[in-house]
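Coordinate analysis (summary)
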Amino acid sequence: VFASGDSLRQQCASELETVVLQLSLSTADHYLALNGIIGALANGYLDKALEYVRIVNTELRRDRILGEVIETLVRRPTADLSPEDLRLVLTEIRQADDRGRAAQTIMERFADETELPGSMVDGLLPLMAVLPELSDSIRACRCMVCAVNILQRHSTQARDSLRDHIRDELHKRWAQID
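Below you will find a few notes about this structure. Please read these numbers as outputs of a predicted model, since none were measured by experiment. (Residues numbered from 1 in each chain as written. Predicted model: local features only at pLDDT ≥ 70, side-chain atom pairs only at ≥ 80, totals over all residues. Heavy atoms only, no water.)

**Re the overall build of the protein**
Definition in use: In this description a helix means any DSSP run of H or I spanning at least four residues, a strand means any run of E spanning at least two, and both kinds are numbered starting from the N terminus. Burial here depends on accessible area, computed with a 1.4 Å probe over protein chains only, as a share of the maximum for the residue type. Under 20% is buried, over 50% is exposed, and the range in between is partly exposed. Any two residues having at least one pair of non-hydrogen atoms within 4.5 Å are treated as being in contact. A 1.4 Å probe and the Shrake-Rupley method give the accessible areas. Residues count as covered only by the protein chains that appear here.
Of regular secondary structure, the protein possesses nine helices and zero strands. Walking the protein from its N terminus toward its C terminus, one meets helices and strands in the order α-α-α-α-α-α-α-α-α. Structurally, the protein occupies a C-alpha span of about 65 × 35 × 20 Å along its principal axes. Scored against the burial criterion, the 178 residues of the protein give a buried share of 41%. Intrachain contacts of the protein at a sequence separation of at least 6 include 66% that bridge at least 24 residues. Accessible area of the protein: about 9,800 Å², with a carbon and sulfur share of 52%.

Written out as structure tokens, the structure is:
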């Protein structure tokens, strides 16, 4: 007799939980032990993947895994992407360099898209608004160029002020580099 779908799902989740906890207790390098599991979960069970990231034993390893989760998420087709999920993962990254790399991954994913749904662009606005705060000036400039291009291609009166602000910040940051 086969278990029902929900019962089977609960059993698998319980067994996975046991494996993850056992790996975390018996392994020093949580990145090697848990990265594959977390990456696989990220596509359909992001909340559970983030829960498992929180048990990873060092901040550097957590940030590295979260960066890879971002890379997994941006490989999805545009229609399957959630800007809220991207922002959620990005806010979990603690190290400024890792957060900057992840932000760049996100911005580059959308930079060449000519047909983005308005809800996607609007969902990316909070991320775009903080790009000038990235610590690495070159990375910040690259991200801001992507943001300006996205906002230029998907222009609305409401988005134009952010585009102009980012463009001004881009000029300031670029002047600091020169």
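**Let's talk about the packing of aromatic side chains**
Convention followed: Whether two aromatic rings pair depends on their centres lying within 6.5 Å, for rings of Phe, Tyr and Trp, where Trp uses its six-membered ring; planes under 30 degrees apart make the pair stacked, over 60 edge-to-face, and the rest tilted. Any Lys NZ or Arg CZ that is within 6 Å of a ring centre and within 35 degrees of that ring's normal is treated as a charge sitting over the ring.
Within the structure shown, the criterion is met by zero aromatic pairs. A cation over a ring is seen here: Arg 64 above Tyr 31, with NZ or CZ 3.7 Å from the ring centre. When the ring centre of Phe 110 is taken as reference, the NZ or CZ atom of Arg 109 above it lies at 5.2 Å.

**Focus: the nonpolar core**
Let me state the cut-off plainly: Residues belong to one nonpolar core when they are buried, are Ala, Val, Leu, Ile, Met, Phe, Trp, Tyr or Cys, and are joined through side-chain atoms within 4.5 Å.
Of all hydrophobic cores here, the largest spans 50 residues; its most connected members are Ile 38, Ile 106, Met 107, Phe 110, Met 128 and Leu 131. Put simply, the parts of the chain that give this core at least two residues each are α2 (30–42), α3 (46–53), α4 (59–74), α5 (83–92), α6 (96–111), α7 (118–130), α8 (137–153) and α9 (157–177). Looking at this core, the element that brings in the most residues is α8, giving nine residues. For Met 128, the contacting residues outside a window of four places in its chain are Met 107, Ala 147, Ile 150, Leu 151, Leu 162 and Ile 166.

**Points about the state of the cysteines**
For clarity, the threshold we go by: Sulfur atoms of two cysteines make up a disulfide when they are within 2.5 Å.
The final tally for this structure, using the stated rule, is zero disulfides. Free cysteine Cys 143: the closest other cysteine sulfur is in Cys 146, separated by 6.3 Å. What makes Cys 143 buried here is its relative accessible area of 0%. The exposure class assigned to Cys 146 is buried, which follows from its relative accessible area of 11%.

**Section: a nonpolar patch on the surface**
Using the following cut-off: Excluding any residue in a salt bridge, patches collect residues exceeding 30% relative accessible area, merging like charges within 9 Å and nonpolar Val, Leu, Ile, Met, Phe, Trp and Tyr side chains within 5 Å. Salt bridge, as used here: a side-chain nitrogen of Lys or Arg that lies within 4 Å of a carboxyl oxygen of Asp or Glu.
A grouping of Ile 138, Trp 174 and Ile 177 is seen on the molecular surface, where their side chains present a nonpolar patch of about 280 Å² in accessible area. Checked against the element boundaries, Ile 177 lands in helix α9.

**A few points about α8**
Quick note on the threshold: Here the expected span of a helix is defined as 1.5 Å times the quantity of residues minus one. We define a polar contact as two N or O atoms separated by no more than 3.5 Å, with the added condition that, inside protein, one atom must be a possible hydrogen donor and the other a possible acceptor, whereas residues neighbouring each other in sequence contribute only through side-chain atom pairs.
Taking 1.5 Å per residue, 17 residues should reach 24 Å; α8 reaches 24 Å between its end C-alpha atoms and fits that length. Among all positions of α8, only Arg 139, Ala 140, Cys 141, Cys 143, Met 144, Cys 146, Ala 147, Val 148, Ile 150 and Leu 151 are buried. Buried residues along α8 sit against α6, α7 and α9. Two or three places before Ile 138, at the opening of α8, Asp 136 has a side-chain oxygen 3.1 Å from that residue's backbone nitrogen.

**Looking at the side chain of Gln 104**
With respect to the element layout, Gln 104 can be found in helix α6. With sequence-adjacent residues up to four places away left out, Gln 104 is seen in contact with Arg 139, Arg 142 and Cys 143.

**Concerning the packing of α7 against α9**
Rules: Axis definition: a line fitted to C-alpha atoms, over the contacting stretch in the case of helices. Angles run 0 to 180 degrees between N-to-C directions. Crossings are classed by handedness, with left-handed meaning an anticlockwise turn of the near helix from the far one by less than a right angle and right-handed meaning a clockwise turn. Residues are grouped as follows: nonpolar covers Ala, Val, Leu, Ile, Met, Phe, Trp, Tyr, Cys and Pro; charged covers Asp, Glu, Lys and Arg; every other residue, Gly included, is treated as polar.
Taken N-terminus to C-terminus, the directions of α7 and α9 make an angle of 35 degrees; their axes are 11 Å apart at the nearest point. You can see that α7 and α9 cross each other, and the crossing is left-handed. Contacts between α7 and α9 pair Gly 118, Val 121, Asp 122, Leu 125, Met 128 and Ala 129 from the former with Arg 159, Leu 162 and Ile 166 from the latter. For the contact of α7 with α9, the per-class residue count stands at six nonpolar, one polar and two charged.

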